[in-house]
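Listed here are the chains, written in short residue letters.
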Amino acid sequence: MKRSAIAVSTLCVMFALGPGCVASMAQDYEPGDEIVVIADATLSVDGNTKVDDVWPGLVLKVQKVAGKWLWLTNGKPGWLDQRHVIPLNRAAVDRFTELIRDNSSDARLYNARADIWKHLGELDIALSDYSEAIRLHPAAAYFTNRARVWCEKNDFDKAIADYNEAIRLDPRSFAAYHNRGQIWSIKGEYGRAIADYDEAIRIEPKLQVSFVLRGGALRSIGETEKAMSDANEAIRLDPASADAFNLRGALWNDRAEYDKALSDYNLATKLDSQLANAFTNRGQVWQVKGEFEKAISDFNRALTLDPSCELALVGLGQIWLTKGDCDQAIRNFSEAIKIDPANIWANKGRRRAWAINQEYKKIVDDYAQEISLRPKDPRGYNGLAWLLATCTEEKCRDGTQAVANATKACELTGWNDSGYLDTLAAAYAEKGDFPKATEWQAKAIGLAKQDQQADLQTRLELYRAGNPYRN
């Protein structure tokens, strides 16, 4: 089963600059409504105690309503008088367009309008407005904001370039370090990600989300003790952080402490009932414990929240395969492969289901497609060679092609992988060249771990007796 993943709901640290106050008409708001701040203002907990700043163009979600007061959060939660906000819609764009018409050299207004365009999904228009703000006033905050849009467009190199410039302009921009760290994590460059999170935390020691994401990066490189420390600190900083409990649950899961993992996942799903990843992770624990109905329920809940959750689809496929419903398993695995054609677990699961159904031609075609997509990956060649060499169905076997594919897998791995040499030996045996089969099988045994040698020795005796191996 694929290890549980971590998804953090707060993807980027927001940062911007804003102009002066603009009056707003009274409006009826409800929890869940998205609003646009139209004035420099502060969030407070009792009308007097300031907890955080807000500024024009900032888009927030209403969490609670009490008369004219809206409970919002921009990192720290507090109340804001609704006269400082308007609903998030095209009218908000028009409002700032009017302000720009009267103040066309004010970079803050372009930045504010860009924020609105971004939240309305008009990313190219948002980029244009951010670029104009930068042209008028090249502030670090504007480069940081534009970089967030590049991230949404998956143009990570341009995003990194903007974050680099933001950091050059403002070396204490914790938001730029934090957000750039996320890109390095996406790219799999965890060392760089951790270094950026380190700097973000050094500048802002209470930046809770940086502890969560640094913990995830540390987990990815096997630094589980440090990752656990970060998860615990994130929970201390914000005991209501679903992402932090989700991370700690994954770390308990890695240690096979499943009851502790379930406890943290239960808290994560209670704190954020929309966190699809937490339901997926909990489903994986139920799957390991053999509680398949609970696992199916969690996986389905995750897919309701996020239909592109491939881990949930893989989990469902594995369960249906265990239950003997190969057709349903194939459907789940195929959906996961549509989302990510390189998903190893989905591809292995579907091939196993096809094998049980004796649909060997589909497996051959599947390996051929994998090889065309990833010609430098030895696994596709090895899998195809093993099938062509050992399949119980005679019309599926082809010793010559098996040798060719097994040889390619061995070449790509420097002839140092015992499993691939084992496949090459089986391929020669299928071809009828038993001296070559015994030669390569002996070499495979020499490279294999001690607990693998008995199985390999059994095949060696087969080849010495002039018999091929059938799987």
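Residues numbered from 1 in each chain as written. Predicted model: local features only at pLDDT ≥ 70, side-chain atom pairs only at ≥ 80, totals over all residues. Heavy atoms only, no water.

(A) Broad picture of the overall build of the protein. A count of helices and strands for the protein gives 22 helices and eight strands. Each principal axis of the C-alpha atoms in the protein carries an extent, and together these give about 90 × 45 × 40 Å. Taken across its 471 residues, the protein has 51% of its residues classed as buried. Of all intrachain contacts in the protein linking residues separated by at least 6 positions in sequence, the fraction that spans at least 24 positions is 54%. Element-wise, carbon and sulfur atoms account for 49% of the exposed surface of the protein, whose accessible area totals about 21900 Å². Charge separation in the protein, taken as the distance between the mean sites of 60 positive and 66 negative side-chain charges, equals 2 Å. (Helix = DSSP H or I, 4+ residues; strand = E, 2+ residues; numbered from the N terminus. Buried < 20%, exposed > 50% of the residue type's maximum accessible area, 1.4 Å probe, protein only. Contact = heavy atoms within 4.5 Å. Areas by Shrake-Rupley, 256 points an atom, 1.4 Å probe, with all protein chains shown as cover. Lys, Arg positive; Asp, Glu negative; His and termini not counted. Charge placed at Lys NZ, Arg CZ, Asp CG, Glu CD.)

(B) Quick peek at the environment of Ala268. One can find Ala268 in helix 11 (residues 258-271). Judged by relative accessible area, Ala268 falls into the buried class, the value being 0%. The spatial distance from the C-alpha of Ala268 to the C-alpha of Phe279 is 8.7 Å, given a sequence separation of eleven residues. The residues touching Ala268, leaving out its near neighbours within four places in the chain, are Ala242, Phe245, Asn246 and Ala278.

(C) A look at the nonpolar core. Membership of the largest hydrophobic core comes to 134 residues, with the highest contact counts inside it found for Val36 and Tyr463. Discounting chain neighbours no more than four positions away, the residues touching Tyr463 are Ala425, Ala426, Ala429, Phe434, Ala437, Thr438, Gln441, Pro468 and Tyr469. By size, the runner-up hydrophobic cluster in this structure holds 14 residues, among which are Leu43, Trp55, Leu58 and Leu72. (Core = buried A, V, L, I, M, F, W, Y, C linked by side-chain atoms within 4.5 Å.)

(D) Geometry of the pattern of salt bridges. Counted under the stated rule, the structure contains 39 salt bridges. Put simply, Asp53 and Lys50 hold a salt bridge, and the shortest N to O gap is 3.0 Å. On the basis of relative accessible area, Asp53 is assigned to the partly exposed category, the value being 33%. The partner of Lys395 in a salt bridge is Glu393, with the nearest N and O atoms 4.0 Å apart. By relative accessible area, which is 74% here, Lys395 ends up exposed. Several salt bridges converge on common partners, so that one network encompasses Arg350, Arg351, Asp366 and Glu370. (Salt bridge = Lys/Arg side-chain N within 4 Å of Asp/Glu carboxyl O.)

(E) Quick look at the environment of Ala444. Locating Ala444 in the fold gives a position in helix 21 (residues 434-447). On the accessibility criterion, Ala444 (0% relative accessible area) is buried. Distance in space between the C-alpha atoms of Ala444 and Tyr420 is 8.0 Å, their sequence separation being 24 residues.

(F) Layout of the sheet that holds strand 8 (residues 85-87). Strand order in the open sheet made by the three strands is 4-1-8, with antiparallel pairing throughout. The open sheet has two edge strands, strand 4 (59-61) and strand 8, and neither has a second partner. Neighbour to neighbour, the strand axes of the sheet diverge by 40° on average, direction disregarded. Pairing of strand 1 (residues 34-37) with strand 8, which is carried by three bridges, proceeds in the antiparallel orientation. By the bridge assignment, Val36 is partnered in strand 8 with Ile86. (Pairing = 2+ DSSP bridges. Axes fitted to C-alpha atoms, helices over the stretch in contact; angles between N-to-C directions.)

(G) A look at the environment of Gly324. For Gly324, the position within the fold is in the loop between helix 14 (310-323) and helix 15 (326-339). The class for Gly324 is exposed, based on a relative accessible area of 56%.

(H) The side chain of Ser185, seen in detail. Along the chain, the position of Ser185 falls in helix 6 (residues 174-186). Look at Ser185 and you get buried, because its relative accessible area is 18%. If near-sequence neighbours (up to four positions away) are discounted, Ser185 is found in contact with Tyr190, Ala193, Tyr197 and Ala217.

(I) The arrangement of helix 7 (residues 190-203) in detail. Look at helix 7: 20 Å from first C-alpha to last across 14 residues, which is about the 20 Å you get at 1.5 Å a residue. Of the positions making up helix 7, those classed as buried are Ala193, Ile194, Asp196, Tyr197, Ala200, Ile201 and Ile203. Here the buried face of helix 7 lies against helix 6 and helix 8 (208-220). (Expected span 1.5 Å × (residues − 1).)

(J) The arrangement of the state of the cysteines in detail. Scanning the model with the defined rule gives zero disulfides in all. Of the cysteine sulfurs around Cys326, a residue in no disulfide, the closest is that of Cys391, at 15 Å. For Cys326, a relative accessible area of 7% puts it in the buried group. As a non-bridged cysteine, Cys391 has Cys396 as the owner of its nearest cysteine sulfur, 3.8 Å distant. (Disulfide = S-S within 2.5 Å.)

(K) Structural context of the packing of aromatic side chains. Overall, the coordinates contain three aromatic pairs when judged by the stated rule. On the basis of an interplanar angle of 65° and a centroid distance of 4.9 Å, the ring pair of Trp71 and Trp79 is categorised as edge-to-face. Summarising the aromatic geometry, the rings of Trp386 and Tyr469 are spaced 5.7 Å apart at their centres and angled 45° between planes, so their arrangement reads as tilted. In this pair, Trp386 is assigned in helix 18 (residues 378-390) and Tyr469 in the segment after helix 22 (450-464), connecting sequence segments 83 residues apart. The exposure classification of Trp386 matches that of Tyr469, with both residues buried. The ring of Trp345 has Lys348 sitting right over it, with the charged end atom 5.3 Å from the ring centre. (Phe/Tyr/Trp six-rings, centres within 6.5 Å; stacked < 30°, edge-to-face > 60°. Lys NZ or Arg CZ within 6 Å of the ring centre and 35° of its normal.)

(L) Quick peek at the side chain of Thr269. Mapped onto the secondary structure, Thr269 falls in helix 11. For Thr269, the contacting residues outside a window of four places in its chain are Ala278, Phe279 and Arg282.

(M) Seen up close, the packing of helix 18 against helix 19 (residues 399-412). Running from amino to carboxyl end, helix 18 crosses helix 19 at an angle of 150°, the nearest separation of the two axes being 8 Å. Taken together, the axes of helix 18 and helix 19 are roughly antiparallel relative to one another. The element helix 18 and its partner helix 19 pack so that their crossing is left-handed. Within the contact between the two elements, helix 18 uses Pro378, Tyr381, Asn382, Leu384, Ala385, Leu388 and Ala389 and helix 19 uses Gln401, Ala402, Asn405, Ala406, Lys408, Ala409 and Leu412. Taken together, the residues of the contact of helix 18 with helix 19 break down into ten nonpolar, three polar and one charged. (Parallel < 35°, antiparallel > 145°, perpendicular 65-115°, else oblique. Left-handed = near helix turned anticlockwise from the far one by under 90°. Nonpolar A, V, L, I, M, F, W, Y, C, P; charged D, E, K, R; others polar.)

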